[in-house]
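Architecture and fold: a report
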Amino acid sequence: KIGLDKTMYTDNNNIPYEIYVREARRTRGRYIFNENDATLAPGLTRSPIHGDSVAIAEWPMDSHDCTTDIRPGSLHDGVILLTEKTRPSQVPYRSLLPKILENLLVPICLSATHVGIGTLRVEPTWMHICESAAHASIIAVREGVPLSKVNVEYLQSRLVATGIMLSFFNEWTSQDEDWWDAVQFLGTKGFFSSYDLRPLEPVTTKVASVWIKGIKAFLNQSLNPGYLARLIADADQTESDPITYSKFDGLLQEANLDCKFEKGEELLIRSRACLHIYDYLKLQLN
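These notes cover the structure that comes with them. Sequence order as written defines residue numbering, which begins from 1 separately in each chain. Two thresholds apply to this predicted model, a pLDDT of at least 70 for residue-level local features and 80 or more for giving and counting side-chain atom pairs, whereas whole-chain, interface and lining totals are computed over all residues. Excluded from the side-chain calculations are hydrogens and water; all other atoms, namely the structure's heavy atoms, are used.

Things to note about the state of the cysteines
The disulfide definition used here is simple: a pair of cysteine sulfur atoms within 2.5 Å. Within this structure, the stated rule accounts for zero disulfides. Here Cys-66 stays unpaired: no disulfide links it, and the sulfur of Cys-109, its closest cysteine neighbor, is 18 Å away. Here Cys-130 is not disulfide-linked; the sulfur of Cys-109 is the nearest cysteine sulfur, at 10 Å. With a 1.4 Å probe rolled over the protein chains alone, any residue whose accessible area is under 20% of its type maximum counts as buried; one over 50% counts as exposed, and the rest are partly exposed. Using a relative accessible area of 30% as the deciding quantity, one classes Cys-130 as partly exposed.

Here it is in C-alpha cells:
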C-alpha cells in the first residue's frame, strides 16, 4: 500500500536502475579464499596468515536462505550463520589475480568459495580491497609491469604508509604511532601468532631468536608465515627472560645481519623491535 519511494529515481518511475547482487559469478584466481581462511588456523589463535595480504575482513561468514523450506531441527534452506566460528582474516593479493590473465585485478568478484565470500562481500571490505587494488594498478603502470608481476612486499609497504590495514590486532592501534606501518607489515609475515600485539611488552629472548629467523627467511625469499607464527606461538609459551637492545643487537650480528640497535641495556619492547626490523627490511625492498 505504501509503494515505492516517490523521492527516489524520479526519472525511472521510482525504480532503482540496479538490483543489489549479494553473490554472483566470481573469478577463479591464483588463490581461492575459503572458510578455513576466516577461522582459527591449526596451532594458532588466529586465522591463517597470508604473506601477500592486501586487506582484512571481519564480517561473520553467512548466507541468507534460498527458500523457506525447513527440515526439523534446521534453519531455512541455504542459511549459514558462522558468527561464532568466523575470525578476522587477511585477503591475499592472489585472490584478486585471475588464474589465466596477467594484467587484471578483480576486487569485487574475487576468487572465493560460497562460504568464504560471506566474510568478504560487505561494502567496507570491498572498499578496502578496491583501494589496495588501485595502489597496485598505479605501481604496475609506473613500473611498466603487468599486475601479476607487481612486487607484493613493495605494494604492502606503500599500502601501510597510507594507513591501509593488512593485519588485524585486538589492540586499537593508530597510524600516529611510528611503529604502525611495521606491525601491519610484519603481521603478514608471521611475526605474531595471535591477534594480540602487546606493543609495550618486552621482547623475550626466545621470541627475539625466532624473529631473527624470520628476518633471514624473508631475505632469502624462503619465508613461510604460517610456520614462523607457529614457532612464535611455541616461543611465547616457553619461559624466557626479556632481552635488552644490546643483546638483541648481538643476536643480529651472530646471524650476520647488519641491523644495529644503539640503546644499550634498556629492555627492548615489542613495538620498537618491530619498527627497527621493518626499517631494515624496507631498505632491502628499495
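Back to the write-up after that little detour.
Observations regarding the nonpolar core
For the purposes of this section, nonpolar cores are sets of buried Ala, Val, Leu, Ile, Met, Phe, Trp, Tyr and Cys residues that join through side-chain atoms within 4.5 Å. Grouped together as the largest cluster of nonpolar side chains are 66 residues, with contacts concentrated most on Tyr-93, Phe-192, Trp-211 and Phe-248. By definition, residues are in contact when any of their heavy atoms lie within 4.5 Å. Aside from chain neighbours lying at most four places away, what touches Tyr-93 is Asp-52, Val-54, Leu-105, Ala-136, Leu-147, Val-150, Val-152 and Leu-155. The next biggest cluster of nonpolar side chains, apart from the first, holds five residues, and it includes Ala-41, Leu-44, Ile-49 and Ala-229.

Comments concerning unusual backbone geometry
Its identity as a non-glycine residue notwithstanding, Tyr-9 has a phi of 50°, on the positive side. Strands here mean DSSP runs of E at least two residues long; helices mean DSSP runs of H or I at least four residues long; both are numbered from the N terminus. Looking at where Tyr-9 falls in the secondary structure, it is placed in the segment before strand E1 (53–57). If you check the backbone angles, Gln-221 has positive phi at about 60° while not being a glycine. With respect to the helices and strands, the residue Gln-221 is situated in the loop between helix H5 (205–219) and helix H6 (225–236).

Let's talk about the pattern of salt bridges
Definition used for salt bridges: Asp or Glu carboxyl oxygen within 4 Å of a side-chain nitrogen of Lys or Arg. Scanning all chains against the criterion turns up nine salt bridges. Note that Arg-94 is salt-bridged to Asp-52, the shortest N-O span being 2.8 Å. One end of the pair, Arg-94, is in the loop between strand E4 (89–92) and helix H1 (117–120); the other, Asp-52, is in the segment before E1, and 42 residues separate them in sequence. Judged by its relative accessible area of 9%, Asp-52 falls in the buried class. With a shortest N-O distance of 3.4 Å, Arg-198 and Asp-236 are connected by a salt bridge. Of the two residues, Arg-198 is situated in the loop between helix H4 (180–186) and H5 and Asp-236 in helix H6; the sequence distance between them amounts to 38 residues. On the basis of relative accessibility, which here comes to 32%, the residue Asp-236 falls in the partly exposed class. Sharing partners across several salt bridges, the network here consists of Arg-22, Asp-62 and Arg-121.

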